[in-house]
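Residues per chain are reported as follows:
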2 protein chains.
Amino acid sequence: MKWEGNEYVVDVEVEAIHRRPGFAADIHDQKADSRERGSAFCLVDGPADSTNAMKPSAPKIALHQANPLIADVVGAMRSIRTAAVQAAAAGATLMVCPELAAIGGYPPRDLLERRYLVEAQWQAVNELAKDLPLPVVLGCVEPLEPGLGPDIANAVAVLDGGQVTATYHKRLLPTYDVFDERRYFRPGMTPAVVTIAGLRVGLTVCEDIWNEAFVGGSLGLGLRYHQDPVGDLAGQCDLIVNCSASPYHLGKSATRRRVVGAAARRARCPIAYANQVGGQDELLFDGDSGVALTDGRWLAGLGRWQEGVAIIDLAGTPQVEFPQPVEADLHAALVAGIRDYCRKTGQTKVVLGLSGGIDSALVAALAVDALGPDAVTGLLMPGPYSSAGSVNDAVALAEALGLRHHILGISEANRLMLGTLEPVFVGTPFGLAEENLQSRLRGVLVMAVANKLGAMALTTGNKSELATGYCTIYGDMNGGLAPIGDLYKTRIWALSRHLNAVAGRERIPVASIDKAPSAELRENQTDQDSLPPYDELDRILTGFLEAGLSPDELITRGEDPATVRRIIRLVEVTEFKRRQSAPVLRVSTKAFGVGRRIPIARKF
Amino acid sequence: MKWEGNEYVVDVEVEAIHRRPGFAADIHDQKADSRERGSAFCLVDGPADSTNAMKPSAPKIALHQANPLIADVVGAMRSIRTAAVQAAAAGATLMVCPELAAIGGYPPRDLLERRYLVEAQWQAVNELAKDLPLPVVLGCVEPLEPGLGPDIANAVAVLDGGQVTATYHKRLLPTYDVFDERRYFRPGMTPAVVTIAGLRVGLTVCEDIWNEAFVGGSLGLGLRYHQDPVGDLAGQCDLIVNCSASPYHLGKSATRRRVVGAAARRARCPIAYANQVGGQDELLFDGDSGVALTDGRWLAGLGRWQEGVAIIDLAGTPQVEFPQPVEADLHAALVAGIRDYCRKTGQTKVVLGLSGGIDSALVAALAVDALGPDAVTGLLMPGPYSSAGSVNDAVALAEALGLRHHILGISEANRLMLGTLEPVFVGTPFGLAEENLQSRLRGVLVMAVANKLGAMALTTGNKSELATGYCTIYGDMNGGLAPIGDLYKTRIWALSRHLNAVAGRERIPVASIDKAPSAELRENQTDQDSLPPYDELDRILTGFLEAGLSPDELITRGEDPATVRRIIRLVEVTEFKRRQSAPVLRVSTKAFGVGRRIPIARKF
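The shown structure was predicted, so the numbers you read here are calculated from the model rather than taken from an experiment. Residues take numbers from 1 onward in each chain, read along the sequence in its written order. Going through the entries in the order they are written, you letter the chains from A and number the ligands from 1. Since the coordinates come from a predicted model, pLDDT governs what is reported: local features require at least 70, and pairs of side-chain atoms require 80 or more to be given and counted, while whole-chain, interface and lining totals use all residues. Only hydrogens and water are removed before side-chain values are computed, so all heavy atoms of the structure are retained for them.

**Topic: the packing of aromatic side chains**
Pairing of aromatic rings covers Phe, Tyr and Trp, the last counted by its six-membered ring, and requires centre-to-centre distances within 6.5 Å; plane angles under 30 degrees mean stacked, over 60 mean edge-to-face, and any other angle means tilted. Here the structure, examined in full by the defined rule, presents 14 aromatic pairs over all chains. Here the aromatic rings of Tyr176 of chain A and Phe179 of chain A are separated by 5.4 Å at their centres, their planes lie at 75°, and the arrangement is edge-to-face. Each member of the pair Tyr176 of chain A and Phe179 of chain A is classed as buried. Between the NZ or CZ atom of Arg578 of chain B and the centre of the ring of Phe592 of chain B, over which it lies, the distance is 4.8 Å. Relative accessibility thresholds used throughout: buried, under 20% of the residue-type maximum; exposed, over 50%; partly exposed, between the two (1.4 Å probe, protein chains only). To sit over a ring, a charge needs its Lys NZ or Arg CZ within 6 Å of the ring centre and within 35 degrees of the ring normal.

**Here we look at the sheet that holds strand S18 (residues 404–407) of chain B**
Residues and elements named next belong to chain B. Two strands pair under a simple rule: DSSP has to find at least two bridges between them. A helix here means a DSSP run of H or I that spans at least four residues, while a strand means a run of E at least two residues long, and both kinds are numbered starting from the N terminus. Pairing within the open sheet is parallel, and its four strands lie in the order S18-S17-S16-S19. Bordering the open sheet on either side are S18 and strand S19 (456–457), each of which pairs with just one other strand. The pairing of strand S16 (residues 350–353) with S19 spans two bridges and is classified as parallel. When the sheet's bridge partners are listed, Val350 is paired in S19 with Met456. The strands that helix H8 (residues 358–371) touches are S16 and strand S17 (376–380); relative to S16, the one it contacts most, it runs at about 165°. Between two residues, a contact is recorded if the distance between any of their heavy atoms is within 4.5 Å. Between N-to-C directions, angles span 0 to 180 degrees; the directions come from axes that are lines fitted to C-alpha atoms, helices contributing only their stretch in contact.

**So, the interface of chain B and chain A**
Taken together, the contact pairs 99 residues of chain B with 98 residues of chain A. Here chain B packs against chain A, burying approximately 8,100 Å² in sum over the two surfaces, 64% of which is carbon and sulfur. Using a 1.4 Å probe, buried area is obtained as the accessible area two parts lose upon being combined, added over both of them. Taken as a group, Leu148, Lys452 and Arg597 of chain B account for 10% of the area that chain B buries against chain A, more than any other trio of residues on that side. By definition here, a salt bridge exists when the distance from a side-chain nitrogen of Lys or Arg to a carboxyl oxygen of Asp or Glu is within 4 Å. As a salt-bridge pair, Arg597 of chain B and Asp180 of chain A come within 3.3 Å of each other at their nearest N and O atoms. For this analysis, a polar contact is any N or O atom pair within 3.5 Å, provided that within protein one partner can donate a hydrogen and the other can accept it, and provided that sequence-adjacent residues contribute only side-chain to side-chain pairs. At the boundary of chain B with chain A, the tally comes to 36 residue pairs in polar contact (both at pLDDT 80 or more). When residues of the side of chain B that touches chain A are traced back to their parent elements, those giving at least two are helix H1 (25–36), helix H4 (181–184), helix H7 (326–345), helix H10 (411–420), helix H11 (422–425) and helix H12 (432–453) of chain B. Of all the elements, H12 of chain B adds the most residues to the side of chain B that touches chain A, at 15 residues. Across the side of chain B that touches chain A, the residue classes break down as 52 nonpolar, 21 polar and 26 charged. Put simply, Ala, Val, Leu, Ile, Met, Phe, Trp, Tyr, Cys and Pro go in the nonpolar bin, Asp, Glu, Lys and Arg in the charged bin, and everything else, Gly too, in the polar bin.

**Describing the sheet that holds strand S2 (residues 60–65) of chain B**
Residue and element names in this part refer to chain B. Pairing within the open sheet is mixed, and its six strands lie in the order S6-S5-S4-S3-S2-S15. Two strands bound the open sheet, and with one partner strand each, they are strand S6 (163–169) and strand S15 (308–313). Taking the axes of each pair of neighbouring strands and ignoring which way they run, one obtains an average angle of 35° across the sheet. Across the sheet, helix H3 (residues 115–129) lies against strand S4 (136–143), strand S5 (152–160) and S6, angled at about 150° from S4, the strand it touches most.

**So, the nonpolar core**
Put simply, a nonpolar core is a bunch of buried Ala, Val, Leu, Ile, Met, Phe, Trp, Tyr and Cys residues held in one set by side-chain atoms that sit within 4.5 Å of each other. Counting residues in hydrophobic clusters, the biggest one holds 186 residues, and the most contacted among them are Leu354, Leu441 and Ile508 of chain A together with Leu354, Leu441 and Ile508 of chain B. Sequence-distant contacts of Leu441 of chain B, defined by excluding residues within four places in its chain, comprise Met417, Leu441 and Val444 of chain A together with Ile410, Ala413, Asn414 and Met417 of chain B. Counting residues in hydrophobic clusters, the runner-up holds 51 residues, among them Ile70, Ile80, Tyr106 and Ala157 of chain A.

**Section: the relation of the copies chain B and chain A**
Here the copies are superposed with least squares, the fitted atoms being C-alpha atoms of residues at a pLDDT of at least 70 in both. If you rotate chain B by 180° and push it 0.0 Å along the axis, it lands on chain A with an RMSD of 0.0 Å. The transformation just described matches what one would write down for a two-fold rotation axis. For chain B, the minimum C-alpha distance to the rotation axis belongs to Gln580 of chain B and amounts to 2.1 Å. Interface overlap between copies: 99% of the residues of chain B at the interface are likewise at the interface in chain A, consistent with a symmetric, same-surface contact.

**Quick notes on the pattern of salt bridges**
Counted under the stated rule, the structure contains 74 salt bridges over all chains. Among the ionic pairs, Lys463 of chain A bridges to Asp486 of chain A, the shortest N-O distance being 2.7 Å. Of this pair, Lys463 of chain A sits in helix H13 (residues 463–468) while Asp486 of chain A is found in the loop between H13 and helix H14 (489–503), placing the two residues 23 residues apart along the sequence. Like Lys463 of chain A, the residue Asp486 of chain A is buried in the burial classification. One salt bridge connects Glu327 of chain B with Arg491 of chain B, and the closest N-O pair in it is separated by 4.0 Å. A residue pair is termed long-range when its members are at least 10 positions apart, and Glu327 of chain B in helix H7 and Arg491 of chain B in helix H14 (residues 489–503) qualify at 164 residues.

Shown next, in the form of structure tokens:
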């Protein structure tokens, strides 16, 4: 190992350590099987290097925790260059950027099929290389010669000494849950180690270090791949970089640190991990860039949900605790999601209906935290079955949050529409049509105000409702974003109490938290007329949706058979509503939306 | 080759011809490159066998052109068994079923992640084997031992002599457009030839015979794969079977016959091709099962869009012409799509708004053809800017089609809602908010009637509108299915004229076809106030969406630069609407929906 202080040295060579056919199962099966029997932390070959190798002349690594805009190549280049100048000034040896940073972040989805966009980005990367004050390892899309398979790679480029000196192609392409990388990318087949500033640097992209076959098989995430990018680099490098776009869900940070730490131990060198931050449609990225040392301990960067450049001294003090409590974490995630969705779609204002209930109260509070109270308009739309308490609670909420609100009743319009519908409705009893009508008239008002103000409507439905179809399509489902669509009702209550506790006051009226939930679409209605108690409902839904349990398994675990069957049937027959849902900010391992693909027409 | 007449013989052996690592590019690249230089029909090794080999004692092959229901394993088993009895009675040697037939057809999507469903299906396949009157080659999901990669295969099982005697795993897993097979399946690595009734039968599944690297590279469909399932079977078989679920688009049948024929020539044996038929959510399957003879000529089965069992005598007369004209083909496809979506989601009635315009008129006619006039309710909902002509045209349509209709005006409700909105709208000019309000009030009425009748709403938007966002979300976009959402406006006119020509009368009023399209949401409005002429618009959209042309390429082809930029920008900024669209019946190579995945938040 040779160090050159803070000077960076143009001294690059690409070493293709060895070639292996990628999916040759026969070669790797035995190896993988033998590894599976160990746990993640038993895979270190020999004792961990407790000196962490690089003291006292250890380098500083810059991690660009970027919050880019998909397809904004010009913006990405500007942001990377600014970050590089900052990193060089702080004495960093090299800077690592997230996965696909050059094309404006992850996931570009079918924009990757636009060859002209990919080529423009690639040209921009080559231009950028000419004007950088330190070596940069950059996630990008590399156009390949047309041939077998897709003709682009999910790549990292090494920008050093005025040019692109090496590229590496992601080998493990996730194609589960929200990921579709086999749709777009030709997989890489070979590892790459590049000498940068005297360091032997191994290149990896995100999933390359997540092969479950080598982290004990207990994550319940990702797949067991034939290739072993970490194993291939073991003992070959002074440092591994990992360009990531690793989406957030509750608990992800702890899992991630465990995985990156285990990989560092297996590879017997530190791993510099640069992750995207911010919201991109339904996906949230928490950042959390840092360095896992050879013994698996974690050197934290900027932390989570912040954009910027972290300069990490490899001789620094590892972080022992991971302090973020669940509700604070969720709050930060949802605020980032609302803020970025609005910013990245050009929205500056939002509108939502305030029912006096807890869901709309929580969404209003999150929107205020994301955009400020002046950007949020609440509509109180009492109807024939609204209680006086509901209007009072909604007014109290609007005042507590300092947001503009209007009271626009629907009773008159409801009466008139029922009159219009008389030729069809005559002689029929009050039912779902009449309930939905009220919700849809409110939906019309929300959209009318949104259109008039040039604002976006937010939906206020939670995951328990969305799962069971306890919501009105083209009514309360109207909106451009569903901020709490991945939170079960029980979580809504906890998060609301947390917000009040943090504020030390009733930002969300306690009355809204404590009262029995009701849609108030008929006389004396409560949610529990149609649904089991929320703790029971949410337990069944979590088991079915997140854990993938069958009805029989749920019953074996002690759930009531009739309730299980009824709830699962509700989930299955209401898929058509979710197909038309606004994007749901994803905070669980299995959210409704792009990561869950269920046919509508099917045997129930 | 040995024939046993119409008796089937239990005489099975699996021959693993040879093993190859699947993605070992280095092994196959050279071979693929040399093949690419030829065209599809130049790849035959030696002259085609003009005697077609099997006369005079050629066997009969039964092809089960099934229209199954996803996840309906019991129904699938019943249907397969009934078909097998029919096939045996007709003297067939063996029966071939479509891809994934055992689990209720294609695509089961994330239901494949339910292990309990997969296991139940596998058990049913093994039960079915015990009670069949002839050998059956059946598409199914085979559960695999947990290991590296996904733990199921897209398989074919040979059911013969009372048991499952062999299985084969699909080797080429499509992961583009509407396909996600890498998400679910572990790819097969080896070819399989099984002796069934004395015939050496090569097993393949759908994409296995679509490797573009070997069909001249000119299809513009699918991918160039490293593996060559057809080449591996060449000269090894008396017959290849292909279990397919090959979705329809305009022109697909001709492409398919070309591909299957080219594969038969390369393999030097006939290919028995069994395809699914009918609608499954947005996907349409046209069936068109048949046999490609060794010289590439086609023995047709039931034809298209029909469910049933085709018995094909390999000594029969090949079909020379492919006669279906475009409009008749489209009509059959859309009628099947509406009928099957309704049947498979349990709907028996539909409701739609009739504006007097051509789009709603065409959807009404298609719905009547799919479900009968008694199942269709039309709503005329004149508003403040509706012309008398529009109401008259809509009434004429309803009478010509014999469907029930109601006239439910929105002017009064519109006035009342504008009054309700006065606190927000005061002092602002008439604009988009006021236009959308009318569309949304109509949407409320359509949904209210749908809920009251227990019917499903159909949307009436076309692809030109959906592409440019010239439609109102939660207004005219309300509905469970978008039957003509993949048809450009110019196609709508042609199809409407075709329906009248076939009927020999004005099923669709000529006035609706001939008048200038208008949303009638403000005074004297026409579509061309906001959009270029439809022929120009549709040409630009086709180039951008289907052909994947860049703005520069469109301009180079002679399109007006300002119009190109304006239209593409409209497409890009309205993605949020399409994300919440009803499923669009897919009739083109690139429909809005599951096959086109574009981020909402992005640089425009």
